[in-house]
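If you want the building blocks of each chain, they are given just below.
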Amino acid sequence: MTAATHEAPLRDQHGRSIEYLRISVTDRCNFRCVYCMPERGLDWLPKAEILSYEEIVALVAQLAPLGLRRLRITGGEPTIRPGLTTLIRQLKAIEGIEDIALSTNGVKLPQMGAELRAAGLDRVNLSVDSLRPDRIAAIARRDLGFDPVVAIEAALAAGLDPVKVNMVVMRGVNDDEVIDVARLTIDRAVHVRFIELMPVGEMAHLTDEHIVPSAEVLARVATLGALTGAEGPARGNGPAVYHRIAGAAGTVGVITPMTHTYCGSCNRVRLTADGRLRTCLYGDHEVNLRDPLRRGEPLAPLFRQALAEKPLEHLLLQRRVGGLQALSQVGG
Ligand code: SAM
Ligand code: SF4
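Here goes a summary of the coordinates provided.

What counts, and where the lines are drawn
- Residues numbered from 1 in each chain as written.
- Chains lettered and ligands numbered in written order.
- Predicted model: local features only at pLDDT ≥ 70, side-chain atom pairs only at ≥ 80, totals over all residues.
- Heavy atoms only, no water.
- Near = heavy atom within 4 Å.
- Polar contact = N/O pair within 3.5 Å; in protein donor to acceptor, adjacent residues only side chain to side chain.
- Areas by Shrake-Rupley, 256 points an atom, 1.4 Å probe, with all protein chains shown as cover.
- Helix = DSSP H or I, 4+ residues; strand = E, 2+ residues; numbered from the N terminus.
- Nonpolar A, V, L, I, M, F, W, Y, C, P; charged D, E, K, R; others polar.
- Salt bridge = Lys/Arg side-chain N within 4 Å of Asp/Glu carboxyl O.
- Buried < 20%, exposed > 50% of the residue type's maximum accessible area, 1.4 Å probe, protein only.
- Phe/Tyr/Trp six-rings, centres within 6.5 Å; stacked < 30°, edge-to-face > 60°.
- Lys NZ or Arg CZ within 6 Å of the ring centre and 35° of its normal.
- Axes fitted to C-alpha atoms, helices over the stretch in contact; angles between N-to-C directions.
- Parallel < 35°, antiparallel > 145°, perpendicular 65-115°, else oblique.
- Left-handed = near helix turned anticlockwise from the far one by under 90°.
- Contact = heavy atoms within 4.5 Å.
- Core = buried A, V, L, I, M, F, W, Y, C linked by side-chain atoms within 4.5 Å.
- Pairing = 2+ DSSP bridges.
- Right-handed = clockwise from strand over helix to strand, strands pointing away.

Next up on the list: the site of ligand 1. In the region of ligand 1, 21 residues are neighbours, and Tyr35, Gly76, Glu77, Ser127 and Met198 sit closest. Within the backbone of Gly76, an N or O atom sits 3.0 Å from a nitrogen atom of ligand 1. One of the side-chain N or O atoms of Asn166 is found 3.5 Å from an oxygen atom in ligand 1. Taken by itself ligand 1 offers 550 Å² of open surface, and the protein chains cover 94% of this. Counting residues per element, the ones that place at least two in the shell around ligand 1 are β3 (99-104), β5 (163-169) and β6 (190-196). Partitioned by chemical class, the residues of the shell around ligand 1 number eight nonpolar, eleven polar and two charged.

Looking now at the pattern of salt bridges. Across all of its chains, the model carries 20 salt bridges by this definition. Arg276 serves as the salt-bridge partner of Asp274, at 3.1 Å between the closest nitrogen and oxygen. On the basis of relative accessible area, Asp274 is assigned to the buried category, the value being 9%. Arg290 is paired through a salt bridge with Asp291; the nearest N and O atoms lie 3.0 Å apart.

Below, the discussion takes up the site of ligand 2. Around ligand 2, the neighbouring residues are Cys29, Phe31, Cys33, Tyr35, Cys36, Met37, Gly76, Asn105 and Ser328. Considering only residue class, the shell around ligand 2 consists of six nonpolar, three polar and no charged.

What follows covers the packing of aromatic side chains. Evaluated as defined, the whole model comprises one aromatic pair. Taking the centre distance of 6.2 Å and the plane angle of 65° together, the rings of Phe31 and Phe146 count as edge-to-face. Of this pair, Phe31 sits in the loop between β1 (20-24) and α1 (53-63) while Phe146 sits in the loop between α4 (133-140) and α5 (148-157), and the two are 115 residues apart along the sequence. Of the two residues examined, Phe31 and Phe146, each falls in the buried class. The lysine or arginine in question, Arg70, covers the ring of Tyr20, its NZ or CZ lying 4.6 Å from the ring centre.

Packing of helix α2 (residues 84-92) against helix α3 (residues 109-119) brings their axes to within 8 Å, and their N-to-C directions diverge by 20°. If you check the angle between α2 and α3, you find them roughly parallel. As α2 runs across α3, the sense of the crossing is right-handed. In contact with Leu84, Thr85, Ile88, Arg89 and Lys92 of α2, α3 contributes Met112, Glu115, Leu116 and Ala119. Tallied by class, the residues present in the contact of α2 with α3 amount to five nonpolar, one polar and three charged.

A few words now on unusual backbone geometry. With omega at 0°, the peptide bond leading from Asp161 into Pro162 counts as cis. By the secondary structure assignment, Pro162 is in the loop between α5 and β5. A positive phi angle, near 50°, is found at Arg141, a position not held by glycine. For Arg141, the location among the structural elements is in the loop between α4 and α5. Here Arg141 falls in the partly exposed class, since its relative accessible area comes to 23%.

The biggest cluster of nonpolar side chains holds 88 residues, and the ones touching the most others in it are Leu21, Leu59, Val60, Ile73, Leu84, Leu91 and Phe194. A total of six residues in this core trace back to one element, the largest contributor, which is α1. Sequence-distant contacts of Phe194, defined by excluding residues within four places in its chain, comprise Met167, Val169, Val178, Val181, Ala182, Val217, Val221, Val252, Gly253, Val254 and Ile255.

This paragraph deals with the pairing of strand β4 (residues 123-127). Counted residue by residue, β4 has four buried out of five residues, so it is predominantly covered. Pairing between β3 and β4: four bridges, direction parallel. Along β4, the bridge assignment pairs Leu102 with Val124. Of the crossover connections in this fold, the one passing from β3 over α3 to the parallel β4 is right-handed. Bridge count between β4 and β5: four bridges; the pairing is parallel. In the strand pairing of β5, Leu126 is matched with Val165.

Right under this line is the structure:
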């Protein structure tokens, strides 16, 4: 982490400051979560189309002087791509990059947490849709013997901070565990976020059948103790709204893409594994950065142009998802 002399903060056409890039390092995954991708998988990107780590580092090094400060490594499942620790070390060495986060299903965190932290990873989000082994395997459609509490403890022991825990709540599938997952915050400094199920690709029908509005989720959590508004984790600035159960060490939050938009405070853009810059999770707008990078052309003008075209808001409330088949294609 180093201080850098940045140009004026990057702003999009609507005046939003953009300093956060989410980088998908793979479209593949060791899970097949029911809400995320079909059980047979997707048509995986050929290796030659995926950005190499050297290319990702070169791309970030070009964008950091424009004001990019925070990165999130995501996927697919980023921990299944070999050499992730090296990538994180190299990204953290780029002048201006202050903070690196990881989104993971958590399966490899017990093995990799300490080495990732040592390489410069600051924080982690892990997905915990259930605490019951049979149900974890049923939702992920893979039985890898995953124990989310072991993964959370490993992340905390490694010194990753904050540790955020994401639960996609599905009525009749795992909503009876909302209270159990919220209880994880009582004696652990973790930040649980309940996410409203979003309609994507072949899994879109799930949303109509299973969506649980966040107000209902919070009402259930409140049976554990009075909820007070909370600051939430110091770093992150994401779309969650946080609360604290009276006396709890951690916080509970809700992410409500289906019932609210928070596009007005959007501070992020996304890079797909094959090097397309997506300025909105659910937008149609994409800019190919990989080919110009491979031709040795400067990326800053393309990045600035992309921000100039970043849409004001997504169209999820109208159930339009910009041609996405799965969130794993854009890193969630
Ligand atoms: N594999 C990593 C993981 O599971 O955290 C990172 C990628 S995953 C696509 C990122 C996030 O997107 C996860 O928290 C996942 O639960 C969420 N997600 C995927 N599909 C979703 C959907 N249809 N609705 C809501 N959240 C979804
Ligand atoms: Fe894999 Fe994450 Fe999608 Fe689950 S949510 S299938 S773990 S990418």
